[in-house]
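Tertiary structure, described
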Amino acid sequence: MEHFEQATRLDPSYPDAWAGLSETWALLPIWEQDYSKAPEQLENARLTAEKALSLNPRSGRTHAALAYMHALRLEWRESFENFELALSYEPQNAYIWHWSAFTLMSVGKTSLAEEAYQKALELDPLSRIINANYAELAIFTGQYDVALDRLDQALALAPDFSFVWQLKGLNHVSRKEYDQARAAYQKYFELVDINGFEVKAVDFVETSAQSPNPDQAPDWFSDPELIDPYHAIYLLVCAGQYEGALDLIEQQSACTIPHSGVFYLKCVLFQEKMGHIPRYQDLVTRLT
């Protein structure tokens, strides 16, 4: 952020500096996990994107930043319109393909998402975030063995990339490998220097899976400052806490970053576990 802002001060007519600033604002809400700032951050993403496009209307990366911003707000039509423009202007930009794949995955278009991830990796095979999100697609589609292989590939590129360890924990829970899940989350916490609640969440999932009448999920599952809401919802489903998961989806889909409640909504696990629940089907229809 500081470097892009300095670039815009040094040359206010440089469109790529404004485009980079827009990308940064769009990404901040998710990566900081401070959703209270999201309205201001996304508005800044929009304003800096408008500035970039006023200098270069054919900036693919700027249209991609706008597309990602719209996806976070569940404005799917505007998102895909901007991705179409972005790819028409910069078809060799790996990160436009990457962000479009992430958004396609969010609405359950997994075949198109896989094609986009493959294209992104052809263009930038050493990108740790593209490899990680491609592994996440395997989790989304219930290919947990494939996901584990891809996560290990990502760790071979970047063993200290905390997000991969977080995904690895989630994947191990999907496979009911609770000790491995706790170890992966513990590594994640060491790398980001926080005391998160994912390990406690794994304990709850394991206990619930072994009990015919599991206790209701603790309140901290719905606190985004304690546990990533994307993963909290997924872990609740793994624990068989379907009403709690649906409550949290409703809560997050009404927050400043509604995408945090919707991302895994059409994944294989959710469809298998909750496909028979009318409330789940209503959420799928309404939000995706």
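Since this is a predicted model, take the numbers as computed values, not measurements. (Residues numbered from 1 in each chain as written. Predicted model: local features only at pLDDT ≥ 70, side-chain atom pairs only at ≥ 80, totals over all residues. Heavy atoms only, no water.)

Notes on unusual backbone geometry
- Not every positive phi belongs to a glycine, and Leu 74 is a case in point at roughly 65°.
- By the element assignment, Leu 74 lies in the loop between helix 4 (60-72) and helix 5 (76-89).
- Even without being a glycine, Lys 176 presents a positive backbone phi close to 60°.
- Along the chain, Lys 176 falls in the loop between helix 10 (162-174) and helix 11 (178-192).
- Its relative accessible area of 61% is what places Lys 176 among the exposed residues. (Helix = DSSP H or I, 4+ residues; strand = E, 2+ residues; numbered from the N terminus. Buried < 20%, exposed > 50% of the residue type's maximum accessible area, 1.4 Å probe, protein only.)

Structural notes on the nonpolar core
- Ranked by internal contacts, the top residues of the largest apolar core, which has 105 residues, are Phe 221, Tyr 234, Leu 235, Tyr 264 and Phe 270.
- Considering every element that reaches this core, the biggest residue donor is helix 8 (residues 128-140), with nine residues.
- Apart from residues lying up to four places away in sequence, Leu 235 is in contact with Leu 170, Val 173, Tyr 185, Ala 201, Val 205, Phe 221 and Ile 227. (Core = buried A, V, L, I, M, F, W, Y, C linked by side-chain atoms within 4.5 Å. Contact = heavy atoms within 4.5 Å.)

Examining helix 9 (residues 144-157)
- In a regular helix each residue adds 1.5 Å, so 14 residues correspond to 20 Å; helix 9 covers 20 Å between its end C-alpha atoms and thus fits that length.
- Restricting attention to buried positions, one finds in helix 9 the residues Tyr 144, Ala 147, Leu 148, Leu 151, Ala 154 and Leu 155. Down the axis of helix 9, the buried side of the element spans an arc of 120°, and every buried residue falls inside it. Residues of helix 9 that are exposed and point over 90 degrees away from its buried face: Asp 145 and Ala 156.
- Buried residues in helix 9 make contact with helix 8, helix 10, helix 13 (229-238) and helix 16 (268-274). (Expected span 1.5 Å × (residues − 1). Arc of directions from axis to C-beta.)

Brief notes about the environment of Ala 239
- Secondary-structure assignment places Ala 239 in the loop between helix 13 and helix 14 (242-253).
- When its relative accessible area of 5% is taken as the criterion, Ala 239 is described as buried.
- Between the C-alpha atom of Ala 239 and that of Ala 209, which follows or precedes it by 30 residues, the distance is 5.8 Å.
- The residues touching Ala 239, leaving out its near neighbours within four places in the chain, are Phe 204, Val 205 and Ser 208.

Here we look at the packing of helix 8 against helix 10
- The geometry of helix 8 relative to helix 10 is characterised by a closest axis approach of 10 Å and an angle of 15° between their N-to-C directions. Classified by the angle between their axes, helix 8 and helix 10 sit roughly parallel to one another. Every pair of crossing elements has a handedness; the one defined by helix 8 and helix 10 is left-handed. In contact with Ile 129, Ala 132, Asn 133, Glu 136 and Ile 139 of helix 8, helix 10 contributes Phe 163, Val 164, Leu 167, Asn 171 and Ser 174.
- Its residues assigned to classes, the contact of helix 8 with helix 10 comprises six nonpolar, three polar and one charged. (Axes fitted to C-alpha atoms, helices over the stretch in contact; angles between N-to-C directions. Parallel < 35°, antiparallel > 145°, perpendicular 65-115°, else oblique. Left-handed = near helix turned anticlockwise from the far one by under 90°. Nonpolar A, V, L, I, M, F, W, Y, C, P; charged D, E, K, R; others polar.)

What about the environment of Trp 165?
- Mapped onto the secondary structure, Trp 165 falls in helix 10.
- Judged by its relative accessible area of 18%, Trp 165 falls in the buried class.
- The sequence separation of Trp 165 and Ala 132 amounts to 33 residues, and the corresponding C-alpha distance is 9.6 Å.
- Among residues more than four places away in sequence, those in contact with Trp 165 are Leu 155, Pro 159, Ala 184, Tyr 185, Lys 187, Tyr 188 and Leu 191.

Remarks on the environment of Asp 219
- Position of Asp 219 among the secondary structure elements: in the loop between helix 12 (198-210) and helix 13.
- Separated by 122 residues in the primary sequence, Asp 219 and Trp 97 place their C-alpha atoms 38 Å from one another.

Overview of the pattern of salt bridges
- For the coordinates displayed, the defined rule picks out 16 salt bridges.
- The residue Arg 286 makes a salt bridge to Asp 282 at a minimum N-O spacing of 3.6 Å. Taken together, the positions of Arg 286 and Asp 282, both in helix 17 (residues 278-287) and four residues apart, correspond to about one turn of that helix.
- The exposure class assigned to Arg 286 is partly exposed, which follows from its relative accessible area of 47%. (Salt bridge = Lys/Arg side-chain N within 4 Å of Asp/Glu carboxyl O.)

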